[in-house]
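Chain residues, written in single-letter form:
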Protein chains: 2
Amino acid sequence: MAASNALNTRFDEWRDRGFDANACPVRNVLDRIGDKWTTLILVALAAKPCRFSQLHRNVPDISKRMLTQTLRDLQRDGLITRHVFPTKPPSVEYRLSPLGQSALAPLAGLIDWAEQSFAAIQASRAQFDAGDTSEHLSAA
Amino acid sequence: MAASNALNTRFDEWRDRGFDANACPVRNVLDRIGDKWTTLILVALAAKPCRFSQLHRNVPDISKRMLTQTLRDLQRDGLITRHVFPTKPPSVEYRLSPLGQSALAPLAGLIDWAEQSFAAIQASRAQFDAGDTSEHLSAA
DNA sequence: CGGGATCCTGCAAGATACTG
DNA sequence: CAGTATCTTGCAGGATCCCG
């Protein structure tokens, strides 16, 4: 299909450009997305703005420390905004910025792929772990 | 737009389903993709099958240890296949499996987003690091 | 060439306690 | 409530040497 060729062309460009350090968007941004909690938080905020403790509850197993840190990284990158309401016990609300919103679509694409491929991946893992000695031997 | 609503619905589903541990494709697969090297290797293999030392050269800064390990994880997940040619100095070729190929499109979506957003992200970081005290204070 | 086995280190991240 | 500060540790991952 034609789309596949276009894809290859883009991959060629990225490869040829080199992955050098932090000049490269691929590594720079992917490292963020790949972070254990970033995606979960983004998904949690996708629906509605959320307060700190709400996020703490909604994102399971995250520690306050990591939540704080991840939120600040996201804020620093401009993906979320932080709104402080000076109520008596102060309340802070986080919400997706337009930039953060724009990340949802590609993210959804990846998650869709993850869901569709999950069964196949699990099967492959099981087979591999079962001592899959079926090495692909090719004639020279 | 309608697409946005569809997006929200999907996010709702993922959220409601819970992110529990390793039953959840999101965490399970995203952890892989987010791995420092996985994406780079996938991109490197997108164009052509590649041998170990070629990958070692093409993916900068990766150690042999990590390359070996990442390749095996990818093989275990069924994203790449490993072909051994029994030549005198043995040569091993890695190539994307159909499953691995199918990951390229969503990955490309994310990388496209990364490229398009990189400038904005950098700007946001600079502003944040410049001691951005412009907290969003909202009236109670 | 394509790895495996070991050793060693730094830093990511959990636990706990304190504050405005 | 929404964090910060400090201490402590596990283990990811680099360096090095060896093997078929």
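Residues numbered from 1 in each chain as written. Chains lettered and ligands numbered in written order. Predicted model: local features only at pLDDT ≥ 70, side-chain atom pairs only at ≥ 80, totals over all residues. Heavy atoms only, no water.

K.L.:
Which parts of the structure should I look at to understand the protein's contact with DNA strand C?
P.N.:
As a matter of local geometry, DNA strand C sits amid 16 residues, with R65 of chain A together with S53, T68, R82 and Y94 of chain B nearest to it. Sugar plus phosphate, as a fraction of atoms of DNA strand C within 4 Å of the protein: 68%. Between DNA strand C and R51 of chain B, the relevant distance is 2.9 Å, taken from a phosphate oxygen to a side-chain nitrogen or oxygen of the residue. Y94 of chain B places a side-chain nitrogen or oxygen 2.5 Å from a phosphate oxygen of DNA strand C. When contributions to the surface near DNA strand C are tallied by element, the ones reaching two or more residues are α5 (64-76) of chain A together with α4 (52-58), α5 (64-76) and β3 (91-96) of chain B. (Near = heavy atom within 4 Å. Polar contact = N/O pair within 3.5 Å; in protein donor to acceptor, adjacent residues only side chain to side chain. Helix = DSSP H or I, 4+ residues; strand = E, 2+ residues; numbered from the N terminus.)

K.L.:
I would appreciate a short explanation of the pattern of salt bridges in the present structure.
P.N.:
Working definition: two side chains of opposite charge can pair if their charged atoms are close together. The final tally for this structure, using the stated rule, is 8 salt bridges over all chains. Here R125 of chain B and D77 of chain A are joined by a salt bridge, their closest N and O atoms 2.7 Å apart. Here R125 of chain B, found in helix α6 (residues 98-129), pairs with D77 of chain A, found in the loop between α5 and β2 (80-85), and the two come from separate chains. Using a relative accessible area of 12% as the deciding quantity, one classes R125 of chain B as buried. Residue R95 of chain A is joined to E93 of chain A by a salt bridge in which the shortest nitrogen-to-oxygen separation is 2.3 Å. When its relative accessible area of 31% is taken as the criterion, R95 of chain A is described as partly exposed. One salt-bridge network, held together by shared partners, links R32 and D77 of chain A together with R125 of chain B. (Salt bridge = Lys/Arg side-chain N within 4 Å of Asp/Glu carboxyl O. Buried < 20%, exposed > 50% of the residue type's maximum accessible area, 1.4 Å probe, protein only.)

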